[in-house]
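Chain residues, written in single-letter form:
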Amino acid sequence: MAMATSQCFRALVRHAIGASAAGRPVASRATRPVSSGGTLRYHDRGFHRINPRPRHHPWCRGPRLATSAAGYEERITSTDNATVKHFAKLVRNRGYREECGSIVVAGSGILSEVCAGGGGDAVGSARVLFLADDACVPAGVTASRIVRAPEHVLKKAAGLQSVDRVDAVAELSMPPVVGVAALQGAGRIARLLALDGIQDPGNLGTLVRTALALGWDAVALLPGTCDPYNDKALRAARGGVFRMPMARLTWEELEEVTRRDGLRRFCAEPTADATAADTAATGSKGLCLVLGSEGQGLSDVALRTCEPVAIPMPGEMESLNVAVAGGILLYLMRRGS
């Protein structure tokens, strides 16, 4: 069987050389069946086997190889490949993400949380899934195209050069986040978190993840707030940005939502006349909590239209990181508190 494969390979090479010498077009992108199973596809550096027969390894629970919608797996070994460059640009360029309607998610754990943990309806099937040679397809993930690649290619595609290992990277569809209509999936809202100019994507992701864990219904992204699909925000949220209803709203739209659902609006402001957060939440059937950035603080609109609340702090510290302070407030003001 190995001899047959070798003979087939030599015959294909002779055909390519002969065709080139005769001036005939070379079938450089054709695929040829191999008697031992699978197919040979010609790349710039020669023929490579694609979609071989599945093999299993004891460390891999489930199938080692899964097929794409096209019925086979591809292999990419160069960071100069167009698909790899496309992934890298999606990671670093917000405008390109919005133009393509795609985002990049790295790591089999996060991908499983997104696709199998409640966010699958929002993103659907992955457009492209890169996998390490020894990696399994993450639970709940389906893909139109599956590509095996070495570690340096995966890191390039994920925009993660300093991490120890990347086992899976996927291009997913970007859920809509513009306007009040993006909150329709939340139904009637009783607890709404509004982020007012939060610029640090790590803080944004942490706040979304905390709000989801504590049972809040939705997140409003007010003007000046960073992209929730930034790679740092995605990692900090652990897939929460796909499972939590989110919308980019103007202040007028936020007022429309809070009036429609009967929500009292509070803002985190540690002033002398601020009400303690746990006291403010008592008796409030519905509320909206507005958090500002650490550098700029709350906007004038927030200070003018919201009731200030604060965290009781008996210690000698003036303020807290917005993700830490927000986490405490989300807990104190959660539903049923």
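Just above sits the structure.
Note that the structure is predicted; figures quoted are calculated from it, not measured.

### Focus: the pattern of salt bridges
Reasoning step 1: Across all of its chains, the model carries 15 salt bridges by this definition.
Reasoning step 2: One salt bridge connects Glu171 with Arg127, and the closest N-O pair in it is separated by 3.8 Å. Of this pair, Glu171 sits in strand S8 (residues 168–173) while Arg127 sits in the loop between helix H5 (120–123) and strand S6 (128–131), and the two are 44 residues apart along the sequence.
Reasoning step 3: For Arg127, a relative accessible area of 34% translates into the label partly exposed.
Reasoning step 4: Between Arg235 and Asp231 there is a salt bridge, with its nearest N and O atoms 3.2 Å apart. Of this pair, Arg235 and Asp231 both sit in helix H8 (residues 231–237), separated by 4 residues, roughly a single helical turn.
Reasoning step 5: We classify Arg235 as partly exposed; its relative accessible area is 35%.
Reasoning step 6: Under the relative-accessibility criterion, Asp231 is labelled buried at 17%.
Reasoning step 7: Salt bridges sharing partners connect three or more residues here, namely Glu113, Arg238 and Arg243.

### Re empty space enclosed by the protein
Reasoning step 1: Within the structure shown, the criterion is met by 3 cavities of 30 Å³ or more.
Reasoning step 2: Roughly 90 Å³ of internal volume is contained in the largest cavity.
Reasoning step 3: If you go around the largest cavity, the residues you meet are Val91, Val104, Val105, Ala106, Ile110, Ala158, Leu160, Asp231, Leu234 and Arg235.
Reasoning step 4: Of all the elements in the fold, those that place two or more residues in the lining of the largest cavity are strand S5 (102–106) and H8.

### Some details on the sheet that holds strand S7 (residues 146–148)
Reasoning step 1: As summarised here, the arrangement of the 5 strands in space is S4-S7-S6-S8-S5, forming an open sheet in which the pairing is mixed. Single-partner strands in this sheet number two, and they are strand S4 (74–75) and S5.
Reasoning step 2: The pairing of S6 with S7 spans 3 bridges and is classified as parallel. Residue pairing for S7: Phe130 is matched across the bridge by Val147.
Reasoning step 3: The sheet contacts of helix H6 (residues 151–158) involve S5, S6 and S8, and relative to S6 the element is tilted by about 140 degrees.

So, how was this worked out
Throughout, residues of each chain are indexed from 1 in the direction in which the sequence is written. In view of the model being predicted, local features appear only for residues whose pLDDT reaches at least 70, and side-chain atom pairs are presented and counted only at 80 or more, with totals across whole chains, interfaces and linings using the full set of residues. The side-chain values count all of the structure's non-hydrogen atoms but skip hydrogen atoms and water molecules. Each reported salt bridge corresponds to a side-chain nitrogen of Lys or Arg within 4 Å of a carboxyl oxygen of Asp or Glu. Secondary structure elements are defined from DSSP: runs of H or I of at least 4 residues count as helices, runs of E of at least 2 residues count as strands, and each element is numbered from the N terminus. The classification of residues rests on relative accessible area computed with a 1.4 Å probe and restricted to protein chains. Under 20% of the type maximum is buried, over 50% is exposed, and intermediate values are partly exposed. Both site types are read off a 1 Å grid over the protein atoms alone. A 1.4 Å probe that fits but cannot get out defines a cavity, while an open set with protein on both sides within 12 Å along at least five of seven lines defines a pocket; lining residues have an atom within 4 Å of a point. Grid points are joined across faces, edges and corners, and a volume is the space filled by probe spheres set on the points. Only strands joined by at least two bridges in the DSSP assignment are considered to pair. Contact definition: two residues touch when any of their heavy atoms are within 4.5 Å. Lines are fitted to the C-alpha atoms to define the axes, a helix being fitted only along its stretch in contact, and any angle between axes, read from their N-to-C directions, falls within 0 to 180 degrees.

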